[in-house]
Amino acid sequence: MAISEEQVKHVAKLAKLSFSDDELQDFTVQLGKIIDMVETLEEVDTEGVPFTSNVVETINVLREDKAAKGWDRDELLRNVPESENGFIKVPAIIDNGEAGA
């Protein structure tokens, strides 16, 4: 499947990225190669191959995960610039499903 420069521009806009014309052409070629590779992998017969969640047998050497009492919400919200209804209020970065300009 070929990918067009318009599709790359659309994805770049959603990710809030901008490319020069040369970069756009390079990324279009690179993304096209990645899509071709994924399509090739989709052709591999994996029938009967067991699911592998981790290929390395490792043991977790970190501390035991124990529940602990959390912080007081009001105390935490004293450190934020703006809050509303017990939540931290931040500026919108996505509006109506489209990336901002």
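As a starting point, this report considers the structure included with it. Please read these numbers as outputs of a predicted model, since none were measured by experiment.

All right, on to the overall build of the protein then. Helices and strands together make up the secondary structure of the protein, namely three helices and four strands. Its helices and strands taken in sequence order, the protein reads α-α-α-β-β-β-β from the N to the C terminus. A globule of 101 residues ought to have a C-alpha radius of gyration of about 13 Å, yet the protein, at 23 Å, is considerably larger. Residue burial in the protein is summarised as follows: out of 101 residues, 9% are buried. A separation threshold of at least 6 residues defines the contact pool for the protein, and within that pool the share at least 24 residues apart is 46%. Per element, the accessible surface of the protein, about 9800 Å² overall, is 55% carbon and sulfur.

Let us look at a negative patch on the surface. Together, E5, D21, D22, E23 and D26 line one region of the surface with negative charge. No other element matches helix α2 (residues 21–42), which puts four residues into the negative patch. The residue D21 is located in helix α2 in this model.

Apart from glycine, the bulk of residues carry a negative phi angle, and the bulk of peptide bonds sit in the trans form. At K16, a residue that is not glycine, the phi angle is positive and equals roughly 55 degrees. Secondary-structure assignment places K16 in the loop between α1 (5–14) and α2. Assessed through its relative accessible area of 48%, K16 is described here as partly exposed.

The next thing to look at is the pattern of salt bridges. Scanning all chains against the criterion turns up three salt bridges. With a shortest N-O distance of 3.5 Å, K9 and E6 are connected by a salt bridge. On the criterion of helical spacing, the pair formed by K9 and E6 is a turn pair, its members being three residues apart in helix α1. Under the relative-accessibility criterion, E6 is labelled exposed at 53%.

Quick notes on the rules
Residue numbering note: each chain is counted from 1, following its sequence as written. Given that the model is predicted, a residue must reach a pLDDT of at least 70 before its local features are reported, and side-chain atom pairs must reach 80 or more before they are shown or counted; all residues, however, enter totals for whole chains, interfaces and linings. Excluding hydrogens and water, the side-chain figures rest on all heavy atoms present in the structure. Counting from the N terminus, the helices are DSSP H or I runs at least four residues long and the strands are E runs at least two residues long. C-alpha atoms define the radius of gyration, and 2.2 Å times the number of residues to the power 0.38 defines the globule rule. The buried label applies to any residue whose accessible area, calculated with a 1.4 Å probe on protein chains only, is under 20% of its type's maximum; exposed applies above 50%, and partly exposed to all values in between. It only takes one pair of heavy atoms within 4.5 Å for two residues to be counted as in contact. Here the accessible surface of atoms and residues is derived via Shrake-Rupley with a 1.4 Å probe, and residues count as covered only by protein chains that are part of the display. By definition, no residue in a patch forms a salt bridge, and every one has over 30% relative accessible area; like charges are joined within 9 Å, nonpolar side chains (Val, Leu, Ile, Met, Phe, Trp, Tyr) within 5 Å. Each salt bridge in this description consists of a side-chain nitrogen of Lys or Arg and a carboxyl oxygen of Asp or Glu lying within 4 Å of one another. Counting rule for charge: Lys and Arg are taken as positive, Asp and Glu as negative, and neither His nor the chain ends is counted. Just so you know, the charge point we use is NZ for Lys, CZ for Arg, CG for Asp and CD for Glu.

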